[in-house]
Amino acid sequence: WGTLKPVLTFSATDSIISVTAANCWIENIRVLSDIDNCVTAISLGGSADGCVIKDVDIVDGATNKEFLIGVAIATACADVIIDGCKMFGLAGGATACINLAGTADRLVIRNCYLQGTFSTALINAQTAASANLNIHDNFLMNRDTSAGLCFKGHATNTGFMCRNFAMGVKNNTETIST
C-alpha cells in the first residue's frame, strides 16, 4: 500500500483508462500524468454500471503535467463506488476530480482525499439530477481562487453528504453548492 503501487504513466493528452463493461474493479494503482493537459485519467462509459474504483491514486506529475479530470462518469452509469482514492492536483487548468456528465444514480464516494485547484469543483454533479448520491467520510480541499467549490450539485439531486471535511480558499464562498 502507500505509494508502493503499480504506476501507469500517461504521456499523451488522450491517454486514458476506459471502462465500458459492467461490474469492473480497479484497485491499488497509481495513475500519473507526465504531460500537460492530460484530459482524463479514468473514464466510465454509460454501460460501466457497478464499477468499483478502490485505493487508486491519481496524481499530477508536476505543476505543468496535470489531469484535467480525474474520473469521468458518463450519463446513466449507475451504482459506481469510489472508495479510498487520492487525487492530487498541483496546478490550475484542471476541471474536476470527479465529473458526472449526467445522471449517476446510487453513486458512492467515500473515504477519499481529493485536493487541488479545480475550476468547476472537486466533485461536479451539476449537469443532471442523480438519485441517491452518497458522499461521506472524505477530505475535500479546492485551492481554486475563482470557484473554490468542493461539491457542485444539481438542484434536484437526492442522497446525502455527511462527515466530510470540505475546504476552499475563495473568500465568502460556500464549499458546497447546487
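The shown structure was predicted, so the numbers you read here are calculated from the model rather than taken from an experiment.

## Regarding the overall build of the protein chain
The secondary structure content of the protein chain amounts to zero helices and 20 strands. Scaling as 2.2 N^0.38, a compact globule of 178 residues should have a C-alpha radius of gyration of about 16 Å, and the protein chain matches this with 15 Å. Along the longest, intermediate and shortest principal axes, the C-alpha atoms of the protein chain span 40 × 40 × 30 Å. Counting every position in the protein chain, which comprises 178 residues, the buried fraction comes to 48%. Considering only intrachain contacts with a sequence separation of at least 6, the fraction spanning at least 24 residues in the protein chain is 82%. For the protein chain, the accessible surface area stands at approximately 7,600 Å², while carbon and sulfur atoms represent 53% of it. For the protein chain, the distance from the average site of its 11 positive side-chain charges to the average site of its 15 negative ones is 5 Å.

## Here we look at the nonpolar core
Ile-42, Leu-44, Ile-53, Val-71, Ile-73, Ile-82 and Ile-98 are the most contacted members of the largest nonpolar core, which has 41 residues in total. Residue assignment for this core shows that the elements contributing at least two residues are β2 (17–19), β5 (38–44), β8 (67–73), β11 (96–100), β14 (123–125) and β15 (133–136). With near-sequence residues (within four places) excluded, Ile-53 lies in contact with Ile-26, Ile-42, Leu-44, Val-71, Ile-81, Ile-82, Asp-83 and Cys-85.

## Here's the deal with the pairing of β8
Taken across its seven residues, β8 has seven buried, putting it largely inside the fold. In this structure, β5 lies alongside β8, joined through five bridges in parallel fashion. For Ile-42, the partnering residue across the bridge sits in β8 and is Val-71. Strand direction decides the pairing type here: β8 and β11, joined by four bridges, are parallel. In the strand pairing of β11, Ile-73 is matched with Leu-100.

## Observations concerning the environment of Cys-162
As for its placement among the helices and strands, Cys-162 is situated in strand β18 (residues 159–162). Residue classification places Cys-162 among the partly exposed residues on the basis of a relative accessible area of 24%. Expressed as a C-alpha distance, the spacing of Cys-162 and His-136, which sit 26 residues apart in the sequence, is 4.9 Å.

## Let's talk about the sheet that holds strand β17 (residues 151–153)
Taken together, the seven strands give an open sheet; going across it, the order is β2-β5-β8-β11-β14-β17-β20, and neighbouring strands pair in parallel fashion. The sheet is open, and its two borders are formed by β2 and β20 (176–177), each paired with just one other strand.

Thresholds, definitions, all that
- Residues numbered from 1 in each chain as written.
- Predicted model: local features only at pLDDT ≥ 70, side-chain atom pairs only at ≥ 80, totals over all residues.
- Heavy atoms only, no water.
- Helix = DSSP H or I, 4+ residues; strand = E, 2+ residues; numbered from the N terminus.
- Rg over C-alpha atoms; globule rule 2.2 N^0.38 Å.
- Buried < 20%, exposed > 50% of the residue type's maximum accessible area, 1.4 Å probe, protein only.
- Contact = heavy atoms within 4.5 Å.
- Areas by Shrake-Rupley, 256 points an atom, 1.4 Å probe, with all protein chains shown as cover.
- Lys, Arg positive; Asp, Glu negative; His and termini not counted.
- Charge placed at Lys NZ, Arg CZ, Asp CG, Glu CD.
- Core = buried A, V, L, I, M, F, W, Y, C linked by side-chain atoms within 4.5 Å.
- Pairing = 2+ DSSP bridges.

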